[in-house]
Structures are given as C-alpha cells and as structure tokens.
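Coordinate inspection notes
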Amino acid sequence: MIRTPFAPLLALCAALMLAGCGSSPAPRQYTLAADALPAGAGAASPTVVIGPVSLPEAVDRLQIVRRVDGTRSEPADGHRWAGALKAEVARRLAVSLARESGLARVVAAPQNSIARPDITVPVDVLRFDADGFSSVALDAAWSVRRDGREIASGRFSRSEPVAAARYDALVAAHGRLVDALAADIATAIRATP
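Below is a short write-up of the structure. The model shown is predicted, which means the values in this text are computed figures rather than measured ones. (Residues numbered from 1 in each chain as written. Predicted model: local features only at pLDDT ≥ 70, side-chain atom pairs only at ≥ 80, totals over all residues. Heavy atoms only, no water.)

1. Here's the deal with the environment of L62
- Position of L62 among the secondary structure elements: in the loop between β2 (47-54) and β3 (63-68).
- Between the C-alpha atom of L62 and that of R80, which follows or precedes it by 18 residues, the distance is 5.3 Å.
- What L62 contacts, discounting residues up to four positions off in sequence, is H79, R80, W81, G83 and A84. (Helix = DSSP H or I, 4+ residues; strand = E, 2+ residues; numbered from the N terminus. Contact = heavy atoms within 4.5 Å.)

Here's what the structure looks like:
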C-alpha cells in the first residue's frame, strides 16, 4: 500500500461522494382531482369552459405553501401538487360544476374538445392560503360569459378548517373550498336564461 500526503483527502472525498449517493425520499404529490361524474347527463345542455384561472404568484407553484407566523410563507419541498395548481383548480371546478349544475359538458381551460363553448367562466383567485394547518382561505372573483358578454358575476370568500395537522387534510380543505366555489357558480348559471 502506497502512502501519499493526499490519502486522507482522497478518503474524505470518496466518503462524501458515497454519502451523496444516498437517496432522499421522493416528494409526495397531491391532486385536487374530484371523483369522476357518472355518465348520462343530457347532451342538449350548454357547453361550459372553466377558465382561465389565475392564482397569486405566492401560491402558484408546485410546492404546497402554508403561511406561518402570519406573514411568512413556507413552501413544503416534500409535499407538492401533482400538476400546476391553476390546472388543478380548473379541473376540480369543472367536475364540481358539472355535478352541481347537471350540465353534460363542462371542461377546464385550456382544452381542445369544445371549439365554441356556450358559456365561459374565467376565475381570478385573489387568495388561496393555508394558515399553517388550521385553515385554508379562498377568495375569488368570477364571471359567467355567454358569447363574450358577461351575464353573471360574483365574489366568493370563505375559509375551511383543516381536520388534522397533515398535508392530506390540508389538500382536502383546499378541495372543499373549490367545491363550494363551484356551487356558487352553478347557482348563477341556473339563474341565467
């Protein structure tokens, strides 16, 4: 065995390289996807496209973000949305709106299946905050448009308690709020001629 002055340094480098090869756990991914609708809704109903949906930049990221200490945001590297949060919100809104309204063709933007929708529903989410693990708040402005004309609009503002100090419970609270927003929009659509 040959001794060199660099032997301890080489051994340390080798040990650090091996330690770096250890794998950290893969991040958990969560979705806002709602259960699929049963087939059979009426084909003669109007077609609806949900979106575009806008979100505040502070929460429009893959990591789930919680507010802590009132003003500090904490993105969770180990807990992420399965896709872009805008798309997650739009898809959940589409499924929930279809369920609430009974409409057969409600899809989330961007989409390719409806060339000229009868109704579009753009949604500006102003706030979609998790306050630690205690509650989630959603504040959104929306409008219902037919042929480019606004026929109804509204403002939704509500908070939802989180059932437990876990990320799956936090995501479930996010989903319940999106469902409640869809119920408000469905009521407005049913009231329009």
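Having seen it, we continue.
2. Let's talk about the pairing of strand β7 (residues 135-146)
- Examined bridge by bridge, strand β6 (residues 119-131) and β7 share 10 bridges and lie antiparallel to one another. When the sheet's bridge partners are listed, F128 is paired in β7 with L138.
- Between β6 and the antiparallel strand that follows it, β7, lie three residues; G132 among them carries a positive phi value of about 60°.
- As paired elements, β7 and strand β8 (residues 149-161) share 12 bridges and run antiparallel to each other. In the sheet register, S135 faces β8, and the bridge partner there is P161. (Pairing = 2+ DSSP bridges.)

3. Here we look at the environment of V59
- With respect to the helices and strands, the residue V59 is situated in the loop between β2 and β3.
- The class for V59 is buried, based on a relative accessible area of 8%.
- Between the alpha carbons of V59 and R127 there is a distance of 8.6 Å; along the sequence they are 68 residues apart.
- Excluding anything up to four places from it in sequence, V59 contacts V65, L85, F128 and D129. (Buried < 20%, exposed > 50% of the residue type's maximum accessible area, 1.4 Å probe, protein only.)

4. Points about unusual backbone geometry
- The omega angle of the peptide bond from G51 to P52 is 5°, so this bond is cis rather than trans.
- With respect to the helices and strands, the residue P52 is situated in strand β2.
- Look at the link from A109 to P110: it is a cis peptide, with omega at -10°.
- Examined against the element boundaries, P110 turns out to sit in the loop between β5 (105-108) and β6.
- For D147, which is not glycine, the phi dihedral falls at a positive 55°.
- In this fold, D147 is placed in the loop between β7 and β8.
- What makes D147 exposed here is its relative accessible area of 70%.

5. What about the pairing of β3?
- Where burial is concerned, most of β3 is hidden: five out of the six residues are buried.
- Alignment of β3 against strand β4 (residues 72-81), held across six bridges, turns out to be antiparallel. Bridge pairing links V68 to R72 in β4.
- In this structure, the hairpin formed by β3 and β4 is closed by a connection of three residues, where D69 is found at a positive phi of approximately 55°.

6. Focus: the side chain of D129
- Among the secondary structure elements, D129 is positioned in strand β6.
- The exposure class of D129 is buried, given its relative accessible area of 18%.
- Only 2.8 Å separates the side chain of D129 from the side chain of R127, close enough to count as a polar contact.
- The residues contacting D129, other than those within four sequence positions of it, are V59, R67, S135, V136 and A137. (Polar contact = N/O pair within 3.5 Å; in protein donor to acceptor, adjacent residues only side chain to side chain.)

7. Looking at the pattern of salt bridges
- Counted according to the given criterion, the structure contains 11 salt bridges.
- Here D60 ties to K86 by a salt bridge, and the two come within 3.5 Å at their closest N and O atoms. Pair noted here: D60 is in the loop between β2 and β3 and K86 is in helix α2 (residues 85-101), with a separation of 26 residues, a long-range link.
- A relative accessible area of 36% means that K86 is categorised as partly exposed. (Salt bridge = Lys/Arg side-chain N within 4 Å of Asp/Glu carboxyl O.)

8. Remarks on the nonpolar core
- Of all hydrophobic cores here, the largest spans 49 residues; its most connected members are V123, F128 and I185.
- Per-element tally for this core: the top contributor is helix α3 (residues 167-191), with 14 residues. (Core = buried A, V, L, I, M, F, W, Y, C linked by side-chain atoms within 4.5 Å.)

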